[in-house]
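# A closer look at the structure
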Amino acid sequence: MFDNFRAGKKALLNKFADISPDGVYTSKITSKAKRMAVQLGGLSGGRIAISQVSNDCALGVSSGALRYWAVRKQFKSPKTKLETRLIDYRINHFRLITKFARHFVQHVGMSKITGFWNQYLEGGLGAENKMTSFAHLISSVAKSVFTWTTFDTCSESRQALGGLGYSSYNGFSQVLTVMDLNRTWEGDNNILMQQAGKLILQNLQYLFMEKPVMPTFDFLTTEMPEAEPYSKSLDDVMNLLELLTYRASTLIHQTGMKLNFAEDKIEAWDKLLAFNTYPMTFAYFDRFLLQNYIEFLENFSGDQKTKEVFTLLGVVYAQKVTIEDAEFFRDYLTRAQIDDLKETLMDNLLKLRKEVVGLSYLLPFTDKMQGALFKLDMKPYEHFLDFVERSERKANIDIDGDIIIPV
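Residues numbered from 1 in each chain as written. Predicted model: local features only at pLDDT ≥ 70, side-chain atom pairs only at ≥ 80, totals over all residues. Heavy atoms only, no water.

## Here we look at the overall build of the protein
- Per the secondary structure count, the protein includes eleven helices and six strands.
- Residue burial in the protein is summarised as follows: out of 407 residues, 47% are buried. (Helix = DSSP H or I, 4+ residues; strand = E, 2+ residues; numbered from the N terminus. Buried < 20%, exposed > 50% of the residue type's maximum accessible area, 1.4 Å probe, protein only.)

Below is the structure:
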């Protein structure tokens, strides 16, 4: 239909920039950085959508794996002489319940991020929109963190199903493929982390210039916090927020100072990415997620028991983050405190063990987005057999207890 068709100049998408008849490029946005931010702003919506879909997928597959573990038995207990359910093994608590807790906290955080995006849209796509840079920051770091953690959770959930995780009837091959691609779609995660890191440091610069900072940076001051021994309980969500605030603020200041004093800032930026900029960006987002989750808990109007379980999810999330970055806290927490924190985390996971299946029923589409083993009625083997019997491949199935043997 359009063979050798040449579009006229009037068809040019020139809302923010134009080319004159004699080929001169012009733009009403004089700053190259702002012009780039505005032109790429449309991608932020896609990143937010990918973040939402990815995190929902992680909640779905981890919920399905945990429900399967609640049914699947393996090995006889020397104490009870009864077969042990997979969900009763403590290592499995650490493998998946910690991930479920993270994605639950991220699920709550997604509502706040979507709210920021709606604020941005209300201001319109243009250089005068003060939310442009922040929309780019929050969408970039959310997309990176959510897709990285989702792929990790999907992989662990696939392994949690053992041999059944390979079956096409359970859909993991499709999930892992899409979640792998999500780490690149709408911007490669490593590029987005660098862009987010620059915008985080920009807020530190704003403070010294006495300019307003972006949303979520109210915790940041011009002074780097001092490393003092921490003596408060590490099983309290507010105290854990103090730890994550200290971590985020310190890393922002340390990265900013190293970059500021570098003679060759381009070379310094490249050198700082691995051990400064990326950890700083993760720390900022971890703090944001926990702060937002605490606000969710404060506004929660349900019964006290449910609130206690929700609070425990937030505590587990923050404890795992702290343990993973224990090296950073070496001047703030003693080795004994870290060891105690690990013990406390495992005890909290044991408390969540009996709650986590029920929690999986609260989340969106956990039984609709996957295959045979992910239904809510806790009958995974019956559904798996149903998928086998409805397939084009003919099979004779023999059931002996919990063992399914296709011939």
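## Looking at helix α6 (residues 237-260)
- Here α6 spans 34 Å end to end across 24 residues, near enough to the 34 Å set by a 1.5 Å rise per residue.
- In terms of residue burial, α6 counts as a mostly covered element, since 18 of its 24 residues are buried. (Expected span 1.5 Å × (residues − 1).)

## Some details on the packing of aromatic side chains
- Going through the model one piece at a time under the given rule, you end up with 20 aromatic pairs.
- Joined through ring pairs, the aromatic side chains of F100, F104, Y293, F296, F300 and F310 make up one cluster.
- In this structure, R67 packs its charged tip against the face of Y361, placed 5.7 Å from the ring centre.
- Positioned above the aromatic ring of F151, the side-chain terminus of R183 is 3.8 Å from the ring centre. (Phe/Tyr/Trp six-rings, centres within 6.5 Å; stacked < 30°, edge-to-face > 60°. Lys NZ or Arg CZ within 6 Å of the ring centre and 35° of its normal.)

## Notes on the packing of helix α3 (residues 132-160) against helix α4 (residues 172-182)
- Axis separation between α3 and α4 bottoms out at 9 Å; the angle between their running directions is 155 degrees. Here α3 is positioned roughly antiparallel relative to α4, judged by the angle of their axes. The way α3 lies across α4 gives a crossing that is left-handed. Residues K143, T147, T150, F151, C154, S155, S157 and R158 of α3 form the contact with α4, whose participating residues are F172, V175, L176, M179, D180 and N182.
- For the contact of α3 with α4, a count of residues per class yields six nonpolar, five polar and three charged. (Axes fitted to C-alpha atoms, helices over the stretch in contact; angles between N-to-C directions. Parallel < 35°, antiparallel > 145°, perpendicular 65-115°, else oblique. Left-handed = near helix turned anticlockwise from the far one by under 90°. Contact = heavy atoms within 4.5 Å. Nonpolar A, V, L, I, M, F, W, Y, C, P; charged D, E, K, R; others polar.)

## Notes on the pairing of strand β3 (residues 73-76)
- Where β3 and strand β4 (residues 83-85) come together, two bridges link them in antiparallel fashion. Residue pairing across strands places K73 opposite R85, the latter belonging to β4.
- Remark: six residues form the turn of the hairpin made by β3 and β4, two consecutive strands paired antiparallel; K81 in that turn has positive phi of roughly 65 degrees. (Pairing = 2+ DSSP bridges.)

## Digging into the side chain of N129
- By the element assignment, N129 lies in the loop between α2 (90-123) and α3.
- Given the relative accessible area of 8%, N129 is considered buried.
- Of note is the side chain of N129, whose polar atom sits 2.9 Å from the backbone nitrogen of M131.
- If we ignore the near neighbours within four places in the chain, the residues touching N129 are Y120, G123 and G124. (Polar contact = N/O pair within 3.5 Å; in protein donor to acceptor, adjacent residues only side chain to side chain.)

## Remarks on the side chain of S44
- Within the secondary structure layout, S44 lies in helix α1 (residues 32-71).
- Within polar-contact distance, the side chain of S44 engages the side chain of S139 at 3.3 Å.
- Beyond its immediate chain neighbours, meaning those up to four positions away, S44 contacts W117, A135, H136 and S139.

## Considering the pattern of salt bridges
- Applying the stated criterion to the full structure yields 14 salt bridges.
- One salt bridge in this structure joins E156 and R95, with 2.6 Å as the shortest N-O distance. Placement of the pair is E156 in helix α3 and R95 in helix α2, with a sequence separation of 61 residues.
- Accessibility expressed as a relative area gives 16% for E156, which makes it buried.
- A relative accessible area of 23% means that R95 is categorised as partly exposed. (Salt bridge = Lys/Arg side-chain N within 4 Å of Asp/Glu carboxyl O.)

## Notes on a negative patch on the surface
- A contiguous patch of negative charge on the surface is contributed by E263, D264, E267 and D270.
- Among the secondary structure elements, D270 is positioned in helix α7 (residues 265-299). (Patch = residues over 30% accessible without salt bridge, like charges linked within 9 Å, V, L, I, M, F, W, Y side chains within 5 Å. Areas by Shrake-Rupley, 256 points an atom, 1.4 Å probe, with all protein chains shown as cover. Lys, Arg positive; Asp, Glu negative; His and termini not counted. Charge placed at Lys NZ, Arg CZ, Asp CG, Glu CD.)

## Considerations on a nonpolar patch on the surface
- Taken together, L12, I19 and Y25 make up a surface patch of nonpolar side chains, about 270 Å² in accessible area.
- Tracing the chain through its elements places Y25 in strand β2 (residues 25-27).

## Here's the deal with the nonpolar core
- Residues Y284 and F285 are the most contacted members of the largest nonpolar core, which totals 106 residues.
- Looking at this core element by element, the count peaks at 15 residues for α7. (Core = buried A, V, L, I, M, F, W, Y, C linked by side-chain atoms within 4.5 Å.)

## A few points about unusual backbone geometry
- One non-glycine residue, N4, lies in positive phi territory at about 55 degrees.
- Relative to the helices and strands, N4 is located in the segment before β1 (17-19).
- Residue E186 is not a glycine yet carries a positive backbone phi of 60 degrees.
- Of note, E186 is situated in the loop between α4 and α5 (189-208).

## A closer look at the packing of α2 against α3
- Where α2 meets α3, the axes come as close as 10 Å, and the angle between the chain directions of the two elements is 155 degrees. Looking at the two axes, α2 sits roughly antiparallel to α3. Like other packed secondary-structure pairs, α2 and α3 cross with a definite hand, here left-handed.
- For the contact of α2 with α3, the class distribution of residues is 13 nonpolar, eight polar and five charged.

All we've got here are geometric facts, nothing functional implied.
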